[in-house]
2 protein chains.
Amino acid sequence: MTTMGDVARIAGVSASTVSHVLNGTRNVNAATRLRVEAAIEEVGYRRNGVARSLAAGRTHTVGLSISALTNPYFGSLVHAVERALSDAGYVLIVGDSHDEVTSEQRVTGSLLDRQVDGMIVAPAAGSEHTTLPEITRTGTPLVLIDRGVDVGCDRVVPENFASAKTLTEHLLDLGHRRVAVVRGLAGITSTIERFDGYCAALSGRGITVDPALVIDGESSTDVAERQVHALMSDADRPTALVSLNNAMTIGTLKAVRGLGLSIPHDVAFCCYDDFEWSDLFEPRLTAAAQDVETIGVKAVELLLRRIHGDDDAAQHIRVPTTFHHRNSCGCG
Amino acid sequence: MTTMGDVARIAGVSASTVSHVLNGTRNVNAATRLRVEAAIEEVGYRRNGVARSLAAGRTHTVGLSISALTNPYFGSLVHAVERALSDAGYVLIVGDSHDEVTSEQRVTGSLLDRQVDGMIVAPAAGSEHTTLPEITRTGTPLVLIDRGVDVGCDRVVPENFASAKTLTEHLLDLGHRRVAVVRGLAGITSTIERFDGYCAALSGRGITVDPALVIDGESSTDVAERQVHALMSDADRPTALVSLNNAMTIGTLKAVRGLGLSIPHDVAFCCYDDFEWSDLFEPRLTAAAQDVETIGVKAVELLLRRIHGDDDAAQHIRVPTTFHHRNSCGCG
DNA sequence: GTGAAAGCGCTAACAC
DNA sequence: GTGTTAGCGCTTTCAC
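As the structure is a computational prediction, the values presented were derived from the model and not from experiment.

Student: Even after reading the chapter, I still don't get the sheet that holds strand S11 (residues 316-319) of chain B, so can you show me in this structure?
Tutor: Neighbouring strands of a sheet are bound in pairs by backbone hydrogen bonds; such pairs are parallel or else antiparallel. Strand order across the open sheet formed by 12 strands is S11(A)-S5(A)-S4(A)-S3(A)-S1(A)-S2(A)-S2(B)-S1(B)-S3(B)-S4(B)-S5(B)-S11(B), with mixed pairing between neighbours. Because the sheet does not close on itself, it has two edges, and the strands there are strand S11 (316-319) of chain A together with S11 of chain B. On average, each strand axis in the sheet is inclined to that of its neighbour by 20°, with strand direction left out of account. Relative to strand S4 (residues 142-145) of chain A, strand S3 (residues 118-121) of chain A runs parallel, the two sharing 3 bridges. The residue of S4(A) that forms the bridge with A:Ile120 is A:Val143. Sheet strands touched by helix H7 (residues 131-138) of chain A: S3 and S4 of chain A. Its angle to S4(A), the strand with the most contacts, is close to 155°.

Student: So what exactly am I meant to see when it comes to the domain arrangement of chain A here?
Tutor: Interfaces are frequently sized by the accessible area removed from exposure as the parts join. Residues and elements named next belong to chain A. Domains assigned within chain A are domain 1 (4-47), domain 2 (59-158 + 292-319) and domain 3 (160-291). One C-alpha centre belongs to domain 2, the other to domain 3, and the line joining them spans 29 Å. Taken together, the contacts link 15 residues of domain 2 with 17 residues of domain 3. For the pair domain 2 and domain 3, the two sides together bury roughly 1,300 Å², of which 46% comes from carbon and sulfur. For Glu 193, the salt bridge goes to Arg 318, with nearest N and O atoms at 2.9 Å. Those elements that provide at least two residues to the side of domain 2 that touches domain 3 are helix H12 (292-307) and S11. In terms of residue count, the dominant contributor to the side of domain 2 that touches domain 3 is H12 (4 residues). Here the side of domain 2 that touches domain 3 is composed, by residue class, of 7 nonpolar, 3 polar and 5 charged.

Student: Any chance you could explain the protein's contact with DNA strand C here in plain terms?
Tutor: Looking at DNA strand C, there are 26 residues lining it, with A:Thr17, A:Asn29, A:Thr32, B:Met4 and B:Tyr45 nearest. Each atom of DNA strand C within 4 Å of the protein was assigned to sugar, phosphate or base; sugar and phosphate come to 63%. Interatomic distance of 2.7 Å between a side-chain N/O atom of B:Ser19 and a phosphate oxygen of DNA strand C. Residue assignment for the surface near DNA strand C shows that the elements contributing at least two residues are helix H2 (15-23) and helix H4 (49-56) of chain A together with helix H2 (15-23) and helix H4 (49-56) of chain B. Broken down by element, the surface near DNA strand C gets its largest block of residues, 4 residues, from H4(B). Of the residues in the surface near DNA strand C, the class split is 10 nonpolar, 12 polar and 4 charged.

Student: Please explain the relation of the copies chain B and chain A as it appears in this structure.
Tutor: Two chain copies here: they are related by a rotation about an axis and a translation along the same axis. You can overlay chain B on chain A at an RMSD of 0.1 Å; the transform is a turn of 180° with a shift of 0.0 Å along its axis. Both copies of the chain, as the preceding transformation shows, are related through a two-fold rotation axis. Most of the interface of chain B is mirrored in chain A, where 100% of its interface residues are also at the interface.

Student: What exactly am I supposed to notice about the protein's contact with DNA strand D here?
Tutor: Around DNA strand D sit 27 residues in total, of which A:Met4, A:Ser19, A:Tyr45, B:Asn29 and B:Thr32 are the nearest. When atoms of DNA strand D within 4 Å of the protein are sorted by moiety, sugar and phosphate together comprise 60%. Within the contact set of DNA strand D, a base nitrogen lies 3.4 Å away from a backbone nitrogen or oxygen of A:Ala51. Within the backbone of B:Ala55, a nitrogen or oxygen atom sits 3.3 Å from a base oxygen of DNA strand D. If you list the elements that add at least two residues to the surface near DNA strand D, you get H2 and H4 of chain A together with H2 and H4 of chain B.

Student: Just checking my understanding: could you explain the pairing of strand S9 (residues 268-272) of chain B for this structure?
Tutor: For a regular strand, side-chain orientation follows a simple rule: the groups alternate between the two sheet faces. All names here are of chain B. Judged by how many residues are buried, S9 sits mostly within the fold: 5 of 5 residues are covered. Side chains Ala 268, Cys 270 and Tyr 272 project from S9 onto one buried face, and the interleaved Phe 269 and Cys 271 project onto a second face that is buried too. With 4 bridges connecting them, strand S8 (residues 240-243) and S9 associate as parallel partners. Residue pairing across strands places Leu 241 opposite Phe 269, the latter belonging to S9. Crossover S8 to S9 through helix H11 (residues 246-258) is right-handed. Of the pairings in the sheet, the one linking S9 to strand S10 (residues 286-289) comprises 3 bridges and is parallel in character. For Cys 271, the partnering residue across the bridge sits in S10 and is Ala 287.

Student: Explain the nonpolar core here, please?
Tutor: Grouped burial of nonpolar side chains is what soluble globular proteins tend to show. In this structure, A:Tyr198, A:Leu241, A:Trp277, B:Tyr198, B:Leu241 and B:Trp277 are the most contacted members of the largest nonpolar core, which totals 94 residues. Listed in part, the 55 residues of the second largest apolar core include A:Val78, A:Val143, B:Phe74 and B:Leu302.

Student: How should I be thinking about the pattern of salt bridges in this particular structure?
Tutor: Opposite charge on two side chains permits them to pair, given that their charged atoms come into close proximity. Across all of its chains, the model carries 42 salt bridges over all chains by this definition. Ionic pairing is found between B:Asp6 and B:Arg9, a salt bridge with its closest N-O pair at 3.5 Å. Remark: B:Arg9 and B:Asp6 occur in helix H1 (residues 4-11); sequence separation between them is 3 residues, near one turn of the helix. According to the relative accessible area criterion, B:Asp6 is partly exposed, its value standing at 22%. The residue B:Asp146 makes a salt bridge to B:Arg147 at a minimum N-O spacing of 3.0 Å. Of the two residues, B:Asp146 and B:Arg147, neither departs from the other in class, the shared state being buried. Among the charged side chains, a network of salt bridges with common partners joins A:Lys165, A:Glu169, A:Asp173 and A:Arg205.

Student: Quick question: what am I supposed to make of the interface of chain B and chain A here?
Tutor: Every contact between the two is made by 49 residues of chain B and, on the other side, 49 residues of chain A. Summed over both partners, the interface of chain B with chain A comes to about 4,300 Å²; 58% of that surface belongs to carbon and sulfur atoms. Here B:Arg46 makes a salt bridge to A:Glu134, at a shortest N to O gap of 3.3 Å. Taken together, the connections running from chain B to chain A amount to 23 residue pairs in polar contact (both at pLDDT 80 or more). Within the residue set of the side of chain B that touches chain A, elements represented by two or more residues are H4, helix H5 (74-87), strand S2 (91-96), helix H6 (101-113), helix H7 (131-138) and H11 of chain B. Its residues assigned to classes, the side of chain B that touches chain A comprises 18 nonpolar, 16 polar and 15 charged. Pairing analysis gives 3 bridges linking strand S2 (residues 91-96) of chain A to S2(B), with the strands arranged antiparallel. Following the sheet pairing, A:Ile93 is matched in S2(B) by B:Ile93.

Student: I would appreciate a short explanation of the sheet that holds strand S8 (residues 240-243) of chain A in the present structure.
Tutor: Residues and elements named next belong to chain A. Spatially, S7-S6-S8-S9-S10-S12 is the arrangement adopted by the 6 strands of the open sheet, whose pairing is mixed. Unpaired on one side and paired on the other, strand S7 (214-216) and strand S12 (322-324) mark the two borders of the sheet. For this sheet the average axis-to-axis angle between neighbouring strands, irrespective of direction, equals 15°. Relative to the sheet, helix H9 (residues 189-204) contacts strand S6 (179-183), S7 and strand S9 (268-272), its axis offset from that of S6 by approximately 175°. Lying on the sheet, helix H10 (residues 221-233) is in contact with S6, S7 and S8; it crosses S7 at an angle near 150°.

Student: What am I meant to see in H11(B) here?
Tutor: Residue and element names in this part refer to chain B. When the terminal C-alpha atoms of H11 are compared, their 18 Å separation across 13 residues agrees well with the 18 Å that a helix rising 1.5 Å per residue should span. Taken together, the buried residues of H11 touch strand S6 (179-183), helix H10 (221-233), S8 and S9. With a side-chain oxygen lying 3.0 Å from the backbone nitrogen of Ala 247, the N-terminal cap of H11 falls on Asn 245. Gly 260 sits one or two positions beyond H11 and adopts a positive phi of about 75°.

Rules used throughout
- Residues numbered from 1 in each chain as written.
- Chains lettered and ligands numbered in written order.
- Predicted model: local features only at pLDDT ≥ 70, side-chain atom pairs only at ≥ 80, totals over all residues.
- Heavy atoms only, no water.
- Pairing = 2+ DSSP bridges.
- Helix = DSSP H or I, 4+ residues; strand = E, 2+ residues; numbered from the N terminus.
- Axes fitted to C-alpha atoms, helices over the stretch in contact; angles between N-to-C directions.
- Contact = heavy atoms within 4.5 Å.
- Domains from an automatic or database assignment.
- Buried area = accessible area lost by both parts, 1.4 Å probe.
- Salt bridge = Lys/Arg side-chain N within 4 Å of Asp/Glu carboxyl O.
- Nonpolar A, V, L, I, M, F, W, Y, C, P; charged D, E, K, R; others polar.
- Near = heavy atom within 4 Å.
- Polar contact = N/O pair within 3.5 Å; in protein donor to acceptor, adjacent residues only side chain to side chain.
- Least-squares fit on C-alpha atoms with pLDDT ≥ 70 in both.
- Buried < 20%, exposed > 50% of the residue type's maximum accessible area, 1.4 Å probe, protein only.
- Right-handed = clockwise from strand over helix to strand, strands pointing away.
- Core = buried A, V, L, I, M, F, W, Y, C linked by side-chain atoms within 4.5 Å.
- Expected span 1.5 Å × (residues − 1).

Next comes the structure, spelled out in structure tokens:
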């Protein structure tokens, strides 16, 4: 491997000069610079980022801890984060938390060991007592995404309550009185807030929440399918269904179809989260679309600000959803 | 920041002993180990991975260069790769090549600078003359995925030719004679091989390829939608359509629906790549499903073998697709 | 405008 | 079973 010393020798300068031409950190005589650049070219020199990071104390690396399994938005989120980071000269290390604190700690521990300059975490349930304090203790800038947890750091999460409320109210407005809900993984704020939105819509109309109509889909396609199948097999089944995230929507749709029921004729349907194919589906899905792209970009923005030394009060950003009124609800 | 020296001092041992208990690299007296562990616990010591990497000459890091834009499988691929790597104690750095050599070089250059122990690349068109040689020159283990390029290194790619041929033949078997094809990004092997499969199916039946029925979808949803729209607006439109990847399938379906045409009644349809919702769609999509999961896992397997010093001849793995016979083709 | 030298925090001979 | 020591390849004061 060729080092900076090799380049320096060939160019007839000191290593520090090579370093400075590489980094533009001080004025270098044009002729000297040229000699250095020629030498670099000649030996095909490539700087060692590890040594650089050790000496400089910064790695220009950011870690992302997320659960791929329960987050079908994984792709677009990672994509948005990667792009924003890359534009700022950082690289992204991804780790899968499996939505479980033990693996989350393994992931974030490994990121911390690697001296990431900052971290973006979609916290698993229980994370506020384990992983998160561990991170903040190191002083590593941290921003939470997807789910909010109160640990006094920046976070950017989707609008949950109002969106779920709107979805439910829409069904209520169409005359439905028995509206079932498929709810996500227990213990995470998005599940809680969306479910609260559902409840608020009902009470706003003087309807009490019927526990029999509350299904725990655990943010899983399979679980949702099983549970919805059971519920809809009942003679006394609901006339409308709200699914609170994309994975469960697929399960719900499978169950409904498996039963030979038709949407919206036999059961009206609205869902939180949109799909690329929502418009292609028959019937087209009425949905609250989350803006993952923005969530990723904003998270990076906040993080970079912290990395660059900003220490204002923690910011809490809510990214609004878009209501796509199509016809699975029974309209149009 | 607390260092190994601090821990050593507190435990009353040398730094090297601390290093050895941390890494299990030599026998340490049980009592000594306990003292060290207590000291580590006491100060909340966490090893500095950067220093470690510099001294050890390995980073336990692998880079992945891929195009998220044209690869809707991004999520599952990254997920599979991350999991396999994580199981082996490695972390993953992802970079987006945008399917364009310039950004690809930026990405891989940055990965090389960071001294990744190995690299997985889904090469952009033209990569064999730029990026790839640059990587191999550094001696960094490299495995290609998704598209094969002949640079003498390991690769794992999907079955393309036979799958596309099967799809086309199926349509031909159903009596179609005017079968159009929506073809991917020019210059990459998957596009070429799949298109060859289409051509082979036709010639096998004595049909010559009609250039008017060959659409360039450029692996893009929008382009495919526009082009299919144009083609299908024609009075003399084809009676069947084959789309050669998932992004273009969505565009194709949008175009067909936009024209008020029905599948398979007005036009029969088969596609390369499957979706989670293929079974939910009306009609259910007949498709050749790629096994991205396996591609990712195999790629990591090959890479780790190289990283661990194996230098056998380059391996070329083809991962078979699964033919899902549903009813967009006109059957059932 | 340029160089010398002291680290950054760790690993791994090597010696005992 | 443990300590000493010499780097790993770079950045960055400090001096000239």
